[in-house]
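So the chains spell out like this:
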Amino acid sequence: MTILIAYDGSDDAKAAIAFAGKIMPGESAVVLTVWERVAMTSARASVGLMMTIDQLGEEDKAIEEAMKELAQNGANLANQAGLDATPRCDVDSLAVWSTIVDVANEIDAKLIVTGTRGLGGVRSLLLGSTSDRVLHHAHRPVMVVPAPEKNT
């Protein structure tokens, strides 16, 4: 069995990877980055941003490539932390949290690991945090790793 680590490049996601590696060295892990199509982002935006279909396709391709690279960076961090990690990048079907839960079910993850806060910004304030939604909707263990302490 494997663990699923949600990764968006945030400090919280990096802390989650480091903690998972510390307490489960050698475990198999899938580092998942979930991205949203430009059309969905635009539809949800309150500013009514409009683009042509051709532009949306080009934007999505660029975003997908960047997200694949982000997932690979997360897998590299996980391997450095002592896990046997592979990257995975999926487009969200409904919401980021539901894609995380769906992928965990698909790979029969024994554990989902996530940070407390990601890069969701205002949207997460309005819709609830991804980690909270994963915790309440996953039918398997979820480990939510708190944010790293900031030295001030």
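Our subject is the structure that appears above.
Below: a short report on this structure. Quick caveat: nothing in here was measured; it's all calculated off a predicted structure. (Residues numbered from 1 in each chain as written. Predicted model: local features only at pLDDT ≥ 70, side-chain atom pairs only at ≥ 80, totals over all residues. Heavy atoms only, no water.)

1. Some words on the packing of helix α4 (residues 96–106) against helix α6 (residues 130–137)
Closest axis-to-axis distance for the α4/α6 pair is 8 Å, and the angle between their directions is 45°. Relative to α6, the element α4 lies oblique. With respect to the hand of their crossing, α4 and α6 are arranged in right-handed fashion. Taking contact as the criterion, the partners of Val96, Trp97, Ile100 and Val101 in α4 are, on α6, Thr130, Arg133, Val134 and His137. Classifying every residue of the contact of α4 with α6 gives five nonpolar, two polar and one charged. (Axes fitted to C-alpha atoms, helices over the stretch in contact; angles between N-to-C directions. Helix = DSSP H or I, 4+ residues; strand = E, 2+ residues; numbered from the N terminus. Parallel < 35°, antiparallel > 145°, perpendicular 65-115°, else oblique. Left-handed = near helix turned anticlockwise from the far one by under 90°. Contact = heavy atoms within 4.5 Å. Nonpolar A, V, L, I, M, F, W, Y, C, P; charged D, E, K, R; others polar.)

2. A few points about helix α1 (residues 11–23)
An ideal rise of 1.5 Å per residue puts 18 Å on 13 residues; α1 measures up with 18 Å between its terminal C-alpha atoms. Along α1, the positions that sit buried rather than exposed are Asp12, Ala13, Ala15, Ala16, Ile17, Ala20 and Gly21. (Expected span 1.5 Å × (residues − 1). Buried < 20%, exposed > 50% of the residue type's maximum accessible area, 1.4 Å probe, protein only.)

3. Details of the side chain of serine 10
With respect to the helices and strands, serine 10 occurs in the loop between β1 (3–6) and α1. Polar contacts involving the side chain of serine 10 include one to the main-chain amide nitrogen of alanine 13, which spans 3.1 Å. (Polar contact = N/O pair within 3.5 Å; in protein donor to acceptor, adjacent residues only side chain to side chain.)

4. A short note on the environment of aspartate 84
With respect to the helices and strands, the residue aspartate 84 is situated in strand β3 (residues 84–91). You can call aspartate 84 partly exposed: its relative accessible area is 48%. It is 5.9 Å that separates the C-alpha atoms of aspartate 84 and alanine 29, two residues lying 55 residues apart in sequence. Apart from the residues within four sequence positions on either side, aspartate 84 is in contact with Gly26, Glu27, Ser28, Ala29 and Asn79.

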